[in-house]
Amino acid sequence: MKFSMMTGAFVIAALTATAAVADTVDKTGWPESFTVGTGSQGGTYFGYGTGWANIAGEELGVSGAAEVTGGPMQNMALVHSGDLPFGMTTMGPAAESIAGSNPIAPGLQMDKACAMFPMYQTPFSITALSSSGITSVADIPEGARIGFGPAGSTSDTYFPRMMEELGVKFERRNGGWSDLGSQLQDGLLDVIAFAAGVPVPAVSQLEVQTDINIIEFTEEEQAAITKAFPVANFDIAADSYTTLEAPARSVSMWNFAIANCDLPETFVYGVVKAVMSDNERMVATHKAARSTLPEFWDRNQVMKWHPGAARWFQETQGADIPADMIYGN
């Protein structure tokens, strides 16, 4: 009985101490609720954003929800203006928005959207029919008909530029991924160039129906692209497709969660802690969160960090974030 009473006393003491620590957090300026700008309903952004909004809201005792938006470019604009406190973007749209090249507000430097935490990668991959004889980027003939995905997508925005950087001269085609896959199989396209999570369903379907080549970049091509664009080295795992016998060299563009730079430091710190401290919980909300790991903080070389986010990564990861990359410094 004494043991039970003592145990209860220790539990009460521990809870009291925890509450005391929680009460010391400065919640000045904290909102009663928050919204995360995502993308189209049914897409990865919406599902992923809903997941971390719920997790952060539960942990902080603040109601969190996801909002359908036009995606990375619009999220940069909405978070910069303060119309939304949080959003999600990719490094390319982030870089263009900061430079004043966001088509939503040309000339406006959207520098009040701050980096918060790494999300996941969007790989770029190239596919051709084996019968075409195209086994490398250098094999792509002049005037090749290349399908780059839906107009205005991340793939359509960056992959044509990458091909031009590598000296490829092509005819640009757009469309949905399934439609482009069918066009490739019917001989209406020579190559399809995807920026999407792997395995890409259209490519998986193609390799069941016909022989295809999944084309990797050479080390030199990879280096040229990573130097010219906000992407990182990436290997498409061999088990992604039955066609692959070894990992295929590629590049990927990182997706990051963003916060309005003027949000309270303690609030953003709490959000980052909630999301980054329990990866299993995040993965349970969306499989893309397998890459939502603290060690990937350094994948941001574009946006300034929110002070609250920077403090969490510095304290827990020993992150060497330069002072001039933290907003307000």
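Everything that follows concerns the structure shown earlier in this document.
Residues numbered from 1 in each chain as written. Predicted model: local features only at pLDDT ≥ 70, side-chain atom pairs only at ≥ 80, totals over all residues. Heavy atoms only, no water.

## Concerning the layout of surface pockets
Consideration 1: Estimates place the volume of the largest pocket at around 1,400 Å³.
Consideration 2: Contributions of two or more residues to the lining of the largest pocket are made by α2 (44–60), α3 (72–81), β4 (113–129), α5 (154–165), α6 (177–185), α7 (201–209) and β9 (232–236).
Consideration 3: Classifying every residue of the lining of the largest pocket by side-chain character gives 21 nonpolar, 22 polar and three charged. (1 Å grid on protein atoms, 1.4 Å probe; cavity = no way out; pocket = protein on both sides within 12 Å on 5 of 7 lines; lining within 4 Å. Points joined across faces, edges and corners; volume = space filled by probe spheres on them. Helix = DSSP H or I, 4+ residues; strand = E, 2+ residues; numbered from the N terminus. Nonpolar A, V, L, I, M, F, W, Y, C, P; charged D, E, K, R; others polar.)

## Some words on the pattern of salt bridges
Pairing is possible between side chains of opposite charge, provided their charged atoms come close.
Consideration 1: One pass over the structure, following the stated rule, counts eleven salt bridges.
Consideration 2: Note that Arg299 and Asp298 form a salt bridge whose closest N and O atoms lie 2.6 Å from each other.
Consideration 3: Through salt bridges with shared partners, a single ionic network connects Glu58, Glu59 and Arg281. (Salt bridge = Lys/Arg side-chain N within 4 Å of Asp/Glu carboxyl O.)

## Looking at the environment of Asp239
Consideration 1: As for its position among the elements, Asp239 is in the loop between β9 and β10 (248–260).
Consideration 2: For the pair Asp239 and Pro199, spaced 40 residues apart in the sequence, the C-alpha separation amounts to 9.1 Å.

## As for the state of the cysteines
Here, the word disulfide means a covalent bond between the sulfur atoms of two cysteines.
Consideration 1: Per the stated rule, a full pass over the model turns up one disulfide.
Consideration 2: Between the sulfur of Cys114 and that of Cys261 lies a disulfide, 2.0 Å long from S to S. Here the disulfide of Cys114 and Cys261 is right-handed, its torsion about the S-S bond being about 110°. Placement of the pair is Cys114 in strand β4 and Cys261 in the loop between β10 and α9 (265–276), with a sequence separation of 147 residues. No difference in accessibility class separates Cys114 from Cys261, as the two residues are buried. (Disulfide = S-S within 2.5 Å. Buried < 20%, exposed > 50% of the residue type's maximum accessible area, 1.4 Å probe, protein only.)

## Section: the nonpolar core
Consideration 1: If you look at the biggest cluster of nonpolar residues, it comprises 79 residues, and the most contacted ones within it are Tyr48, Trp52, Phe86, Met116 and Phe117.
Consideration 2: The element that contributes the greatest number of residues to this core is β4, accounting for nine residues.
Consideration 3: Counting residues in hydrophobic clusters, the runner-up holds 18 residues, among them Leu189, Ala196, Val200 and Leu206. (Core = buried A, V, L, I, M, F, W, Y, C linked by side-chain atoms within 4.5 Å.)

## Describing helix α4 (residues 91–98)
Structurally, the α-helix is built with 3.6 residues per turn, so residues lying three or four positions apart point the same way.
Consideration 1: Counting buried positions along α4 gives six out of eight residues, so the element sits mostly inside the fold.
Consideration 2: Turning to α4, its buried residues are Met91, Gly92, Pro93, Ala94, Glu96 and Ser97.
Consideration 3: In this fold, the buried residues of α4 make contact with α3, β3 (86–90), α5 and β10.
Consideration 4: Two residues or fewer after α4 comes Gly100, characterised by a positive phi angle close to 90°. (Contact = heavy atoms within 4.5 Å.)

## Observations regarding the environment of Ala193
Consideration 1: Note that Ala193 resides in strand β7 (residues 191–195).
Consideration 2: Once the C-alpha coordinates of Ala193 and Phe148 are considered, the two residues, 45 residues apart in sequence, prove to be 5.2 Å apart.
Consideration 3: With near-sequence residues (within four places) excluded, Ala193 lies in contact with Ser125, Ile146, Gly147, Phe148, Ser155, Phe159 and Trp177.

## Section: the packing of aromatic side chains
Consideration 1: Tallying each qualifying case throughout the model produces 14 aromatic pairs.
Consideration 2: Centroid distance Phe86 to Phe267: 5.8 Å. Interplanar angle 35°. Geometry classified as tilted. A residue pair is termed long-range when its members are at least 10 positions apart, and Phe86 in strand β3 and Phe267 in helix α9 qualify at 181 residues. In this pair, the class of Phe86 matches that of Phe267, namely buried.
Consideration 3: Aromatic pair Phe148 and Phe159: ring centres 6.4 Å apart, planes at 45°, arrangement tilted. Separated by eleven residues along the polypeptide, Phe148 in the loop between β5 (144–147) and α5 and Phe159 in helix α5 bring together distant segments of the chain.
Consideration 4: The rings of Trp30, Phe34, Trp52, Phe86, Phe117 and Phe267 are connected pair by pair, giving a single aromatic cluster.
Consideration 5: Positioned above the aromatic ring of Tyr158 is the side chain of Arg161, whose terminal nitrogen or guanidinium carbon lies 5.1 Å from the ring centre. (Phe/Tyr/Trp six-rings, centres within 6.5 Å; stacked < 30°, edge-to-face > 60°. Lys NZ or Arg CZ within 6 Å of the ring centre and 35° of its normal.)

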